[in-house]
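Descriptive structure summary
What follows is each chain in one-letter form.
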Amino acid sequence: MRLSKSLIPTLKETPAEAQIASHRLMLRAGMIRQMASGIYAWLPTGLRVLSKISQIVREEQDAIGAQELLMPTIQSADLWRESGRYDAYGKEMLRITDRHDRELLYGPTNEEMITAIVRDSTKSYRDLPQLAYHIQWKFRDEVRPRFGVLRGREFLMKDSYSFDLDYEGAVAVYKKTMLSYMRTFQRIGITAIPMRADTGQIGGDLSHEFHILAPTGESGVFYDAAFEAGDAIGVTDVDAFYDQVTTIYAATDEKHDTAVWDEIPEDRRREGRGIEVGQIFYFGKKYSEAMGFAVTGPDGQKIYPEMGSYGIGVSRLVGAIIEARHDEAGIIWPDAVAPFRAAILNLRQGDAVTDALCERLYAALGADALYDDREERAGAKFAEADLMGHPWQIIVGPRGAANGQVELKRRATGERFELSVEEALAKVQG
Ligand code: 5CA
């Protein structure tokens, strides 16, 4: 993308309404704009990050055999009356009436809808288990939307739902999902710690939240320092991994149990703040029984499926990553989800040799590069590239360009390299 022609409305001033770094930086870097309280438009760079996160989430869901589908944002009130949650959900649910006076709502979650879909398309025990997910916008009329996309009213979630014939099957998919979440967060380039948690509105008796540690996090968290090293990629023994997670203690403030806390050696006890980027639930037959979903078992008996639901806050992750990875100058994107791998900074726009070299780099890097081709002073280009947080900056000045040399800067470390065009391209693409 050419910066001179792009819709990336960066701001020099710090927006007054933003209280925390990620919100400030997302506004300043031109990633989002607020359209109403807790409702944001995702501008091109913001959308690129959202799409890259979604794609990693999708690949890791597919890898555990989850099937992608897409359910609508608008749901009927009757569906929620079947589970009894229509009245129970309260003011967080945005209720809508259509022209025929039918009651609808903007979905805050999809347990009812997926239960109805699977109920109406399965008959026999042979049709189970099922595991399906979608990546779709949700709406929760939060009392206090704040911190930008961290607590929005409209937000993007990956939610998956499992249906099993027995408890063992349900717990197996719960564990498998937990491990896949660890891989997902690791591929994105951040550390998220699984914590024991309460089940809240979703219900059930087994739940874990996944938290990115950040001083601005809304939840108080307690954990064993042994967690900080968590590495899930390459782990193949799901049960051993799960046992490790549940023996090493970590919990959010609601579930903080001092009795267990006391078992952690004092020098390993950690208290901090976390941003909840995911939560998983096992809730058994809560929805299948309430909504009359049973399959016929091998002996002709009725089996109400054991269910679980599993969420990742895709849009919240964008803000959470920035909370965990920024400095005074701006965002420091992990390579995997950066809007662009590299920015090309032309320090002498209009100089034939410099322009030609920049065009060559831009042609080689294609859609993964943001070419700063504006008639701007060098200082402004450096500041904006740091603000936007591209993992690499390729700095092209007239003197180097005359010798086919460029300067390559790594945003995360500040390291700089004097390289030929070929060497720079190899490093950026490698
Ligand atoms: N149906 C279940 C699991 S699929 C569910 O709704 N779980 S949840 O309520 O925990 O939401 C899943 C994730 O969505 C949360 O972990 C959080 O990361 C994200 N989320 C929840 N509320 C908001 C919000 N107001 N703004 C941004 N993200 C949110």
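Rules behind the numbers
Residues numbered from 1 in each chain as written. Predicted model: local features only at pLDDT ≥ 70, side-chain atom pairs only at ≥ 80, totals over all residues. Heavy atoms only, no water. Near = heavy atom within 4 Å. Polar contact = N/O pair within 3.5 Å; in protein donor to acceptor, adjacent residues only side chain to side chain. Areas by Shrake-Rupley, 256 points an atom, 1.4 Å probe, with all protein chains shown as cover. 1 Å grid on protein atoms, 1.4 Å probe; cavity = no way out; pocket = protein on both sides within 12 Å on 5 of 7 lines; lining within 4 Å. Sits in = over half its atoms within 2 Å of the grid points. Helix = DSSP H or I, 4+ residues; strand = E, 2+ residues; numbered from the N terminus. Nonpolar A, V, L, I, M, F, W, Y, C, P; charged D, E, K, R; others polar. Buried < 20%, exposed > 50% of the residue type's maximum accessible area, 1.4 Å probe, protein only. Right-handed = clockwise from strand over helix to strand, strands pointing away. Contact = heavy atoms within 4.5 Å. Pairing = 2+ DSSP bridges. Domains from an automatic or database assignment. Buried area = accessible area lost by both parts, 1.4 Å probe. Salt bridge = Lys/Arg side-chain N within 4 Å of Asp/Glu carboxyl O. Axes fitted to C-alpha atoms, helices over the stretch in contact; angles between N-to-C directions. Points joined across faces, edges and corners; volume = space filled by probe spheres on them. Phe/Tyr/Trp six-rings, centres within 6.5 Å; stacked < 30°, edge-to-face > 60°.

Turning our eyes to something else, we now look at the site of the ligand. Among the 23 residues in the neighbourhood of the ligand, the closest are listed as Thr109, Glu111, Arg140, Gly152 and Glu276. In the model, an oxygen atom of the ligand is placed 2.8 Å from a nitrogen or oxygen of the arginine 140 side chain. Glutamine 279 has a polar side-chain atom sitting 3.3 Å from an oxygen atom of the ligand. Within the complex, 96% of the 600 Å² of free accessible area of the ligand lies under protein. In this structure the site holding the ligand corresponds to the largest pocket. When residues of the shell around the ligand are assigned to their parent elements, the largest contribution, 5 residues, is made by strand S13 (residues 269-284). Of the residues contributing to the shell around the ligand, the split by class is 9 nonpolar, 7 polar and 7 charged.

Turning our eyes to something else, we now look at the environment of glycine 366. Within the fold, glycine 366 resides in the loop between helix H11 (352-365) and strand S20 (369-372). Between the alpha carbons of glycine 366 and glutamine 61 there is a distance of 29 Å; along the sequence they are 305 residues apart.

It is worth spelling out the pairing of S20 at this point. Here S20 shows a buried face lined by Ala369 and Tyr371 and a second buried face lined by Leu370 and Asp372. After leaving strand S19 (residues 342-346), the chain enters H11 and then returns to the sheet as S20, a path that is right-handed.

Following the sequence through the fold, isoleucine 8 ends up in the segment before helix H1 (21-28). Isoleucine 8 sits in the buried class, given a relative accessible area of 9%. Spatially, the C-alpha atom of isoleucine 8 lies 31 Å from that of glutamine 61, the residues being 53 residues apart in sequence. The residues contacting isoleucine 8, other than those within four sequence positions of it, are Met1, Leu3, Ala29, Thr45, Leu370 and Met388.

Attention now moves to the pairing of S13. When strand S10 (residues 206-213) meets S13, the two strands line up antiparallel, connected through 8 bridges. Across the sheet, the residue bridging to histidine 211 is glutamate 276, located in S13. In terms of strand pairing, strand S11 (residues 219-224) meets S13 through 6 bridges, oriented antiparallel. By the bridge assignment, valine 221 is partnered in S13 with glycine 272. Where S13 lies against strand S16 (residues 306-313), 6 bridges are found, and the strand directions are antiparallel. Its bridge partner lying in S16, glycine 284 is registered against methionine 307.

Right, let's talk about the domain arrangement of the protein chain for a bit. Parsing the protein chain into structural domains produces domain 1 (3-331) and domain 2 (342-429). Placing a centre on the C-alpha atoms of domain 1 and another on those of domain 2 gives a separation of 38 Å. Facing the 15 residues of domain 1 at the interface are 14 residues of domain 2. Three residues, Leu3, Thr10 and Ile331, lead the burial of domain 1 against domain 2; their summed loss comes to 44% of the area buried on that side. At the surface where domain 1 touches domain 2, the tally comes to 2 salt bridges. Note that aspartate 327 is salt-bridged to arginine 411, the shortest N-O span being 2.8 Å.

Sheet strands pair by backbone hydrogen bonding; their relative direction is either parallel or antiparallel. Read from one edge to the other, the open sheet built from 3 strands follows the order S4-S6-S5, with strand pairing classed as antiparallel. At either margin of the open sheet sits one strand with a lone partner, and together these are strand S4 (74-76) and strand S5 (94-97). Averaged over all neighbouring strand pairs, the angle between strand axes comes to 40°, with direction disregarded. Strand direction decides the pairing type here: S5 and strand S6 (residues 103-106), joined by 4 bridges, are antiparallel. Across the sheet, arginine 95 pairs through a bridge with leucine 105, a residue of S6.

In this section: the layout of surface pockets. Put simply, the largest pocket is a space of about 860 Å³. For the largest pocket, the lining is made up of 39 residues, of which Arg140, Arg151, Glu276, Gln279 and Arg316 are closest to its centre. Those elements that place two or more of their residues in the lining of the largest pocket are strand S8 (154-164), S13 and S16. Top element by residues in the lining of the largest pocket is S13. It accounts for 7 residues. Class assignment for the residues of the lining of the largest pocket results in 13 nonpolar, 14 polar and 12 charged.

For the coordinates displayed, the defined rule picks out 11 aromatic pairs. On the basis of an interplanar angle of 80° and a centroid distance of 5.6 Å, the ring pair of tryptophan 80 and tyrosine 89 is categorised as edge-to-face. Relative accessible area serves as the criterion here: at 0%, tryptophan 80 is assigned to the buried category. Residues tyrosine 106 and phenylalanine 139 carry aromatic rings whose centres are separated by 5.6 Å and whose planes lie at 50° to one another, so their mutual orientation is tilted.

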